[in-house]
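Topology and contacts: notes
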Amino acid sequence: MFVLVINSGSSSVKYRLYDIASGSAVTHGVAARIGEVGSYLEIHGTDGGTRRTQQVVATHAQALELILAALVRPAPGAPLASLAEIGAVGHRAVHGGDAFVESVQITDDVIAEMERCVPLAPLHNPPNLMGMREARRLLPGVPQVAVFDTAFHQSMPPEAYTYALPGRWRREHHLRRYGFHGTSYRYVCGRAGAMLARPLSELRMVVCHLGNGCSMVAVKHGRAVDTSMGFTPMEGLVMGTRSGDVDPGIVLHLTRGLQMTAAEVDHLLNQESGLLGLSEVSNDMRVITERAEAGDEGCRLALDVFTYRARKYVGAYAAAMGGIDTLVFTGGIGENSATVRHMVCTRLAFLGIALDDTANRSACGVEADISGPGASVRVLVVPTDEERMIAMDTIALGIRSVPAAGDP
Ligand code: AMP
């Protein structure tokens, strides 16, 4: 039996198929540029080959149909004899509002509740919903599970999730901190506990997810108690192209003073800011680090602002939990950049944080303990794997055991 994990985004549908018996991913791929010129299907087959075929992928429905066809022999590199071998489907779901505190089997009621969350995530929930609807249509009778990015953060206390806005507005418009990257955090916390051979219930952990999107979470005794992303994924840390925290007065100044439209401000803060806006060169930390070392002042500033903001949040979350014993780095930057990890941890010795420089330099995309000798805080690098977490939740919520007669 196999579990299919689907991440249905605005212009792409990514998938990964797991063999439940071995626990390993056997194939993955993406239908990309859906509805655009140059759409294609890319498949990493079981034979180790990667095949990219340019073809019209006009809708998410068509994307799912092409993906399912590519999973079944005689399609080249296909692992399945028939779709009846798919025991369950797990879907990435970005926003579950405050309705979902954990992963759930998808029913009509779940779809309706996710639709109510569309105004909270207008770019993400509609394509997520399209993927769910199409997978239910194409694989009838196969259990489908929604795994929410927001669910992990529902354990935050009111003082952490409440904005100091008038009550009526908060209640009527659901204005509160939700937090994102929750699926990644659950996976990473689990791995960190395993690496330390300690139960999460004993730990006060800060996890830094530093990728193109960046966020941080404080996890006290296994429960999220604060996180840096808020009502939207714009708040908090400096990101690739997103500003993170800014004075809301700047938004007023841009709209009222400079007559910018909401769409223009949206673009400025989401697409032109962050590392890209600071460096005026790139949103890629590899480029920024290299150029900063070569003396580029903008890149140096980008690196300084990025790591200073992250360091401030580590301090804030240590205060929120009354201490810290584990600091974890994940995400494309967190997993790979020794420079960023070093700069974030600088001046945190007062919290018991110190790095082993050799271990830090050699930790690149692998699980590693990079704590300095004698440091009271264990500093870990943990590569994240959201798809595996989605597959694990999906299996836990139940797969169909015996394919019914007449199943696809
Ligand atoms: P993610 O969104 O988690 O896939 O992270 C993507 C980002 O990770 C890229 O935009 C790069 O900035 C960053 N990244 C990937 N590899 C490295 C590396 N070796 N050093 C520094 N940054 C990296």
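Notes on the structure in this doc start here. (Residues numbered from 1 in each chain as written. Predicted model: local features only at pLDDT ≥ 70, side-chain atom pairs only at ≥ 80, totals over all residues. Heavy atoms only, no water.)

Thoughts on the nonpolar core
To keep it simple, the criterion reads: In plain words, nonpolar cores are sets of buried Ala, Val, Leu, Ile, Met, Phe, Trp, Tyr and Cys residues tied together by side-chain atoms within 4.5 Å. Working definition: with a 1.4 Å probe on protein chains only, accessible area under 20% of the residue-type maximum means buried, over 50% means exposed, and in between means partly exposed. Segments assigned H or I by DSSP are reported as helices when at least four residues long, segments assigned E as strands when at least two residues long, and all are numbered from the N terminus. Contact definition: two residues touch when any of their heavy atoms are within 4.5 Å.
The biggest cluster of nonpolar side chains holds 44 residues, and the ones touching the most others in it are Leu210, Met216, Phe306, Val314, Leu327 and Ile353. Residue assignment for this core shows that the elements contributing at least two residues are strand E9 (204-210), strand E10 (214-220), helix H10 (285-293), helix H11 (297-321), strand E12 (326-330), helix H13 (338-345) and strand E14 (378-381). With ten residues, H11 is the largest single contributor of residues to this core. Contacts of Phe306, omitting those with residues within four sequence positions, involve Leu210, Cys214, Val238, Leu275, Met285, Ile333 and Val340. Counting residues in each nonpolar core, the second largest holds 27 residues, with Ile43, Leu64, Leu66 and Ala135 among its members.

Considering the site of the ligand
Condition: Whether a residue is near a molecule or strand depends on its heavy atoms: it is near if one of them lies within 4 Å of it. N or O atoms closer than or at 3.5 Å make up a polar contact, with two conditions inside protein: a donor-capable atom paired with an acceptor-capable one, and, for residues adjacent in sequence, both atoms drawn from side chains. In short, Shrake-Rupley with a 1.4 Å probe defines the accessible areas, and a residue's cover is counted only from the protein chains shown. Only protein atoms enter the 1 Å grid used here. Points where a 1.4 Å probe fits but cannot escape make up a cavity, open sets with protein on both sides within 12 Å along at least five of seven lines make up a pocket, and a residue lines them when an atom lies within 4 Å of a point. The way we define it, a molecule is inside a pocket or cavity when more than half of its atoms are within 2 Å of that pocket's grid points.
Neighbouring residues of the ligand: Gly211, Asn212, Asp284, Met285, Arg286, Gly331, Gly332, Ile333, Asn336 and Ser337. Within the backbone of Asn212, an N or O atom sits 2.9 Å from an oxygen atom of the ligand. Between an oxygen atom of the ligand and a main-chain N or O atom of Gly332, the distance comes to 2.8 Å. When the ligand is considered free in solution it has 500 Å² of accessible area, and contact with the protein chains removes 68% of it. Judged by the fraction of its atoms near the pocket grid, the ligand is located in the second largest pocket. Elements represented by at least two residues in the shell around the ligand include exactly H10 and helix H12 (331-336). Examining the composition of the shell around the ligand, we find that four residues originate from one element, H12, more than from any other.

Re the sheet that holds strand E13 (residues 368-369)
Strand pairing in a sheet takes place through backbone hydrogen bonds and is either antiparallel or parallel in direction. Quick reminder of the rule: If DSSP finds at least two bridges between two strands, the strands pair. Comment: axis = line fitted to C-alpha atoms, over the contacting stretch for helices; angle = value between 0 and 180 degrees taken between N-to-C directions.
Pairing in this open sheet of six strands is mixed, and the strands run E11-E10-E9-E12-E14-E13 from one edge to the other. In this open sheet, the two strands that pair with only one neighbour each are strand E11 (223-227) and E13. Note: E9 against E10, seven bridges, orientation antiparallel. Pairing of His209 across the sheet is with Ser215, part of E10. In the packing of helix H6 (residues 182-196) onto the sheet, contacts are made with E9, E10, E11, E12, E13 and E14, and the angle to E9 comes to roughly 130 degrees. Against the sheet, H13 makes contact with E9, E12 and E14, and its axis sits at roughly 150 degrees relative to E12, the strand it touches most.

Here we look at the pairing of strand E6 (residues 86-93)
Across the eight residues that make up E6, a large majority, seven, are buried. Sheet topology note: the strand E1 (residues 2-8)/E6 ladder contains five bridges and is parallel. Among the inter-strand pairings, Phe2 is bridged to a residue of E6, identified as Ile86. Taken together, the five bridges between E6 and strand E8 (residues 144-148) define a ladder with parallel strand orientation. The partner of His91 across the bridge, within E8, is Ala146.

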